[in-house]
Amino acid sequence: MKYIFVTGGVISSLGKGLTAAALGTLLENRGLKVVLQKFDPYLNVDPGTMSPFQHGEVYVLDDGAETDLDLGHYERFTNVKLSRLNNLTSGQVYQTVLEKERRGDYLGKTVQVIPHVTGEIQNRIRKLADESDADVVITEIGGTTGDIEGLPFLEAIREFALEVGYNNAIFLHVTYVPFIKAAGELKTKPTQQSVAKLREIGITPHILVCRCERPLGKELRQKISMFCNVPYEAVIEEKDVDHSIYELPLMLQRERMDDLVCRLLRFDTPAADMTHWQEIIRKLIAPRHQARIGLVGKYVDLQDAYKSVYLPKGDIHLFYCSNTVSVYNRLTKKGLFF
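Bear in mind that the values here come from a model prediction, so they are computed numbers and not experimental data. (Residues numbered from 1 in each chain as written. Predicted model: local features only at pLDDT ≥ 70, side-chain atom pairs only at ≥ 80, totals over all residues. Heavy atoms only, no water.)

A. Geometry of the overall build of the chain. The helix and strand tally for the chain stands at 12 helices and 13 strands. Relative to the 2.2 N^0.38 estimate, which gives 20 Å for 338 residues, the radius of gyration of the chain is 21 Å and therefore close to what a compact globule would have. With the principal axes as the frame, the chain shows a C-alpha extent of 65 × 55 × 45 Å. Taking all 338 residues of the chain together, the buried fraction comes to 50%. As presented, the chain carries roughly 17200 Å² of accessible surface, and 50% of it is formed by carbon and sulfur atoms. Here the chain contributes 41 positively and 43 negatively charged side chains, and the mean placements of these two sets differ by 4 Å. (Helix = DSSP H or I, 4+ residues; strand = E, 2+ residues; numbered from the N terminus. Rg over C-alpha atoms; globule rule 2.2 N^0.38 Å. Buried < 20%, exposed > 50% of the residue type's maximum accessible area, 1.4 Å probe, protein only. Areas by Shrake-Rupley, 256 points an atom, 1.4 Å probe, with all protein chains shown as cover. Lys, Arg positive; Asp, Glu negative; His and termini not counted. Charge placed at Lys NZ, Arg CZ, Asp CG, Glu CD.)

The structure is reproduced here in structure tokens:
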């Protein structure tokens, strides 16, 4: 069993979930069985009672679990079928630890973050690995490196990687390389600081995925490689896509990220055949037919609240809903479907 841990730095909403899902797509198309999970540092037991304005979409799984929206990316990008076992929050962890303490499972010992909380996090990784029987477990750590609530998760995966040994676990860090318009250049300092913070915790990333609006030049990649202590080939450019998020696996394949991952984890697999994926992109970019769609909801001011169905180019028309019947009548008169 091999493990990939995906962390993020500098700012939130960088696309860690999409990166993890796209990597899962590439590995699946190399013939590997992949399973993904998301760890969220907030103390809520699940996102079901959280405001979409704060958290975004709640993605509901087949077993009724209310989970983070990134699990929707996992299911749409890969063939994996997820359950409540694939999403873990700090609230769930602390709830489990305190229930064990009340039952006397710790035999009167002092209950601490290390080893009890971190141990519970590691147990979830092992349980998913055992039940899924996958070749690779991809675990995304929510939040931003440096957030105090995320420290137990980072400590847990540091210990876990040490336990499973070299070539069995790798760390992939998604970071941000901003373009400063006044200076006319990309800046690497935020990435350097984020990696430094991660290394303070005891984690040295094997791969850096650099989110950027402009292409990374050779000199910038060399600079990031040197100051962040990762090989040049492990500095991956993840530029904004032109049309659809489903272009991301093809972009990462061009960057040879899946080749690097397989080499680090000692997988001997053929290159991913992405012909069918290219056909999906072609249909998305140049569809034969178009439809006008009306989406009725209370949280239409926030794009992430309806991430599973929202299209950014105006194909879906958003309407605030206070009275479903009246809005339905208004939309059908305009010839909209929903």
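The structure having been displayed, the exposition proceeds.
B. Structural view of the pairing of strand β6 (residues 136-141). Counting buried positions over the 6 residues of β6 gives 6, a clear majority of the element. With burial as the criterion, each face of β6 is covered, one bearing V136, I138 and E140 and the other bearing V137, T139 and I141. Across 5 bridges, strand β1 (residues 2-8) lies against β6 in parallel orientation. Bridge pairing links Y3 to V137 in β6. Alignment of strand β2 (residues 34-40) against β6, held across 6 bridges, turns out to be parallel. Bridging across to β6, L36 finds its partner in I138. (Pairing = 2+ DSSP bridges.)

C. Up close: the sheet that holds β2. An order of β5-β2-β6-β1-β7-β10-β11 is seen for the 7 strands of this open sheet, with the pairing classed as parallel. What marks the edges here is a single partner per strand, and that holds for β5 (87-89) and β11 (235-239). Strand-to-strand twist of the sheet, defined as the mean angle between neighbouring strand axes without regard to direction, takes the value 20°. Of the strand pairs in this sheet, strand β7 (residues 169-176) and strand β10 (residues 207-212) are connected by 5 bridges, and their pairing is parallel. Bridged to T175 within β10 is C210. Across the sheet, helix α3 (residues 70-77) lies against β2, β5 and β6, angled at about 170° from β2, the strand it touches most. (Axes fitted to C-alpha atoms, helices over the stretch in contact; angles between N-to-C directions. Contact = heavy atoms within 4.5 Å.)

D. Examining the packing of helix α1 (residues 16-28) against helix α10 (residues 257-264) more closely. Taken N-terminus to C-terminus, the directions of α1 and α10 make an angle of 70°; their axes are 10 Å apart at the nearest point. Considered as vectors, α1 and α10 are oriented roughly perpendicular to each other. Along its contact with α1, which presents L23, L26 and L27, the element α10 presents M257, D258, V261 and C262. A class-by-class count of the residues in the contact of α1 with α10 yields 6 nonpolar, no polar and 1 charged. (Parallel < 35°, antiparallel > 145°, perpendicular 65-115°, else oblique. Nonpolar A, V, L, I, M, F, W, Y, C, P; charged D, E, K, R; others polar.)

E. Geometry of the packing of aromatic side chains. The final tally for this structure, using the stated rule, is 7 aromatic pairs. When the ring of F77 is compared with that of Y246, the centres are 4.9 Å apart and the planes differ by 20°; the resulting orientation is stacked. Here F77, found in helix α3, pairs with Y246, found in the loop between β11 and α9 (248-254); they are 169 residues apart in sequence, far enough to count as distant. You'll find F77 and Y246 in the same group, each marked buried. A connected cluster of aromatic rings, assembled from ring pairs, spans Y3, F5, F160 and F171. Residue placement shows R214 over the ring face of F179; its charged tip is 3.8 Å from the ring centre. (Phe/Tyr/Trp six-rings, centres within 6.5 Å; stacked < 30°, edge-to-face > 60°. Lys NZ or Arg CZ within 6 Å of the ring centre and 35° of its normal.)

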